[in-house]
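Structural description and commentary
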There are 2 protein chains.
Amino acid sequence: MSAKKGVSKLFKSLIYSKHSVEDCTQVLSLHSYSPVLTPSSIILKTLAFPINPSDINQLQGVYPSTPEKTLDYQTGDVPSAIAGNEGVFEIVDIPASSTSKLKKGDWVIPLKANFGTWSTYRTCTDPDDLIKVNGLDLYTAATIGVNGCTAWQLIHNHISKWKNDNSEWIVTNAGTSQVAKLVTQIASFLKINTLSVIRDRDNFDQVADVLKKEYGATHVISESQNMDKTYNKETLPSIIGKNPDFRLALNSVGGKSSTAIARKLKKNGVMLTYGGMSKQPVILPTSLLIFKNIQCLGFWVTENGKQNPQSKVDAIEKLLPLYTEGIIKSPKNDLNILEWDISGGMTDGTALQLIKDGITKKGKKNLIVLKH
Amino acid sequence: MSAKKGVSKLFKSLIYSKHSVEDCTQVLSLHSYSPVLTPSSIILKTLAFPINPSDINQLQGVYPSTPEKTLDYQTGDVPSAIAGNEGVFEIVDIPASSTSKLKKGDWVIPLKANFGTWSTYRTCTDPDDLIKVNGLDLYTAATIGVNGCTAWQLIHNHISKWKNDNSEWIVTNAGTSQVAKLVTQIASFLKINTLSVIRDRDNFDQVADVLKKEYGATHVISESQNMDKTYNKETLPSIIGKNPDFRLALNSVGGKSSTAIARKLKKNGVMLTYGGMSKQPVILPTSLLIFKNIQCLGFWVTENGKQNPQSKVDAIEKLLPLYTEGIIKSPKNDLNILEWDISGGMTDGTALQLIKDGITKKGKKNLIVLKH
């Protein structure tokens with residue numbers, strides 16, 4: 001148990017016991033403690049964790065999935081939870097008696113949400129709560145559990161049989177988002193065409209070129225083209241062919257954008273809503289529902305993982321070789337890296353401020369990388 | 001074949017070869033002809049047919065399901081179709097060799113849409129294209145194929161297991177519509193609670209009382225109550241209980257009404273849209289889709305019948321005893337009866353005008369009853 005005793009002094013976690021919608025950074029504190037270790041404890045060294053919108057919403061108290069607050073972390077009589085749902089860890093100690101295939105040095109991600117990833121170290125007693133992700137780079141490993149799985153499951157969960165012959169289409173809005181870029185890369189590999197809708201912008205051609213050449217999008221249109229009836233009736237068919245077989249629409253915008261991508265679907269098509277960036281509701285003409293039998297469904301990777309944890313394991317298994325073979329790009333360039341140096345140089349106050357900055361900073365997704 | 005020769009002179013059908021959105025009554029003509037009879041011909045005497053919105057939309061050329069136009073009706077070289085999708089017939093001649101269980105004198109309705117019911121007589125060669133409805137009154141028999149089947153299938157097609165113990169709920173808007181009143185009656189029989197939403201009106205209490213006492217609605221609210229957050233949070237639970245288990249929302253209105261009934265659904269609930277009276281699209285907050293996994297689907301009884309004709313046979317089989325035992329009321333009082341007297345007194349011009357009046361007259365559903 002010497003290794004365990006060694007690391008047990010280094011447990012620091014971002015914890016919270018209350019919530020605040022106004023300023024959720026105020027509910028966070030950086031807490032040092034000695035974890036309760038048992039003979040079955042697996043000890044995990046945190047390598048990196050992203051700050052996802054769902055993490056922030058949990059701190060605000062407005063997210064429908066939340067970790068239980070407990071007294072496990074030596075917080076006296078104040079039940080607390082560790083923040084963070086996603087991240088990558090290295091196994092630094094695993095009982096010799098463990099029957100799992102995991103071993104010291106393996107990189108793992110949590111199977112379930114609410115794991116409490118915003119920590120220097122974590123413990124875990126059930127190896128089945130961990131998914132091995134050896135071979136991935138740090139940036140991919142730290143984000144595959146949410147974005148990667150979301151993209152894979154969006155394509156597969158509701159469409160059972162793709163023809164995989166470049167005859168079928170997916171339309172996605174928010175085409176420059178991480179998930180959309182994963183969708184176009186995976187779809188390209190699976191020989192499914194993608195129409196990416198992106199916001200109107202001055203450098204449209206440049207962004208569209210990157211999406212097509214680097215991320216495998218088949219065609220890219222702007223939101224004004226997406227919503228323009230004449231464009232959709234005349235111009236678009238002249239580019240992508242008449243009656244393209246749009247089976248799936250992926251909506252993370254809402255409002256008129258969702259209406260316009262739903263209109264592109266063929267009979268019996270499915271629109272999955274997994275976000276609502278515009279803050280507008282999904283708007284669906286009645287005729288699409290009745291006469292085209294469009295199914296408008298929601299998608300929440302967290303709930304999928306709860307209902308069917310194996311689905312996450314399966315998705316990771318499918319995704320791993322796509323990353324290691326370079327079919328899907330590392331998300332590194334789409335991340336803002338913040339380094340938490342726990343090797344000695346950084347005070348707790350500075351570390352806490354670093355996380356708070358990650359919460360408030362807009363733009364690229366913030367990834368905390370730990371320097372041990 | 002003498003019986004056949006006798007009736008073959010009496011074939012008159014409302015036919016059309018063109019469409020008009022502006023005035024669809026102009027495309028209709030009343031056409032007399034001698035049908036092509038074969039040894040397998042079943043001859044059907046029309047007893048009554050309703051004028052449904054879908055019939056009118058077919059004449060306008062704006063309905064996605066249409067009969068083929070043929071030269072079968074002695075219209076020279078002008079391909080024509082007989083109007084009408086629904087109606088009840090009496091079998092006046094059926095080949096003795098037929099292996100079907102149908103016999104002369106049976107009342108039947110068409111299995112499929114586009115049957116061409118606006119006629120004095122019709123022929124049919126396949127007895128499997130007919131569903132026996134003996135025992136129903138004329139008004140029920142003439143309308144069970146659309147409204148009755150719609151109501152039955154709305155309740156059953158997407159919810160596989162109801163508990164049937166008065167613990168679960170259906171919410172429906174357009175509560176005074178024929179389909180909604182069928183839903184409340186069927187649900188009451190099945191021990192499923194119903195919340196009927198009706199338009200605000202001066203005689204709200206009176207209409208609500210009728211829906212509750214005569215049509216089995218569990219509770220009735222107005223559209224303003226439907227959309228009022230405080231009412232839904234405080235008042236409604238005090239009446240129908242906290243956390244009512246709303247599994248199904250039936251929407252034939254759209255707009256904010258659809259949003260408000262969708263909000264009442266519990267996790268994994270289903271909203272079926274089968275109409276859009278308000279001409280507004282269905283509007284769904286993103287959170288309902290993602291976090292409550294509300295499924296927003298369309299419902300079209302015509303398409304269901306095409307995809308699975310047996311589903312219509314099954315629905316009728318279930319509905320028949322409910323009508324004959326008085327569990328579901330005859331729709332007679334909700335129909336405007338127009339009599340087409342073909343026994344001699346009415347000219348073709350008068351008969352045609354009668355149908356045209358039925359098309360243009362608003363209010364109650366118009367039912368043409370034939371006097372032979």
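Conventions used here
- Residues numbered from 1 in each chain as written.
- Chains lettered and ligands numbered in written order.
- Predicted model: local features only at pLDDT ≥ 70, side-chain atom pairs only at ≥ 80, totals over all residues.
- Heavy atoms only, no water.
- UniProt positions renumbered as here; feature names shortened; annotations may be inferred.
- Buried < 20%, exposed > 50% of the residue type's maximum accessible area, 1.4 Å probe, protein only.
- Helix = DSSP H or I, 4+ residues; strand = E, 2+ residues; numbered from the N terminus.
- Contact = heavy atoms within 4.5 Å.
- Salt bridge = Lys/Arg side-chain N within 4 Å of Asp/Glu carboxyl O.
- Axes fitted to C-alpha atoms, helices over the stretch in contact; angles between N-to-C directions.
- Parallel < 35°, antiparallel > 145°, perpendicular 65-115°, else oblique.
- Left-handed = near helix turned anticlockwise from the far one by under 90°.
- Nonpolar A, V, L, I, M, F, W, Y, C, P; charged D, E, K, R; others polar.
- Pairing = 2+ DSSP bridges.

You'll find chain A entered in an unreviewed UniProt entry as Probable Probable trans-2-enoyl-CoA reductase, mitochondrial, with Saccharomycodes ludwigii given as the organism. Within the UniProt record for chain A, the comment given under Subcellular location (unreviewed entry) is "Mitochondrion".

Take helix H2 (residues 53-60) of chain A next. Residues and elements named next belong to chain A. With 6 of 8 residues buried, H2 is to be regarded as a mostly interior element. If you check which residues of H2 are buried, you get Ser54, Asp55, Ile56, Gln58, Leu59 and Gln60. Here the buried face of H2 lies against strand E1 (12-16), strand E3 (42-51) and helix H12 (348-360). In the segment just after H2, Gly61 is the residue with positive phi, at about 85 degrees.

Another point: the pattern of salt bridges. Close approach of charged atoms lets side chains of opposite charge pair. For the structure on display, the rule yields 16 salt bridges over all chains. Between A:Asp129 and A:Lys112 there is a salt bridge, with its nearest N and O atoms 3.8 Å apart. Residue A:Asp129 is found in the loop between strand E7 (121-124) and strand E8 (130-132), and its partner A:Lys112 is found in the loop between strand E6 (107-110) and E7; the two are separated by 17 residues along the sequence. Between B:Glu90 and B:Lys45 there is a salt bridge, with its nearest N and O atoms 3.9 Å apart.

All names here are of chain A. Taken N-terminus to C-terminus, the directions of helix H3 (residues 138-156) and helix H4 (residues 178-189) make an angle of 55 degrees; their axes are 9 Å apart at the nearest point. What the angle tells us is that H3 and H4 run oblique. H4 is crossed by H3, and the crossing has right-handed handedness. Mapping the contact onto sequence places Asn147, Gly148, Thr150, Ala151, Trp152, Leu154 and Ile155 in H3 and Gln178, Val179, Leu182, Val183, Ile186 and Ala187 in H4. Of the residues assigned to the contact of H3 with H4, the class counts are 9 nonpolar, 4 polar and no charged.

Residues and elements named next belong to chain A. Pairing within the open sheet is antiparallel, and its 3 strands lie in the order E2-E1-E4. With one partner strand each, in any of the chains shown, strand E2 (29-32) and strand E4 (81-82) form the two edges of the open sheet. Inspection of the sheet shows E1 paired to E2 by 4 bridges, in the antiparallel sense. Looking at the pairing, Ile15 lines up with Ser29 of E2. Along the sheet, H12 contacts E1 and E2; its crossing angle with E2, the most-contacted strand, is approximately 135 degrees.

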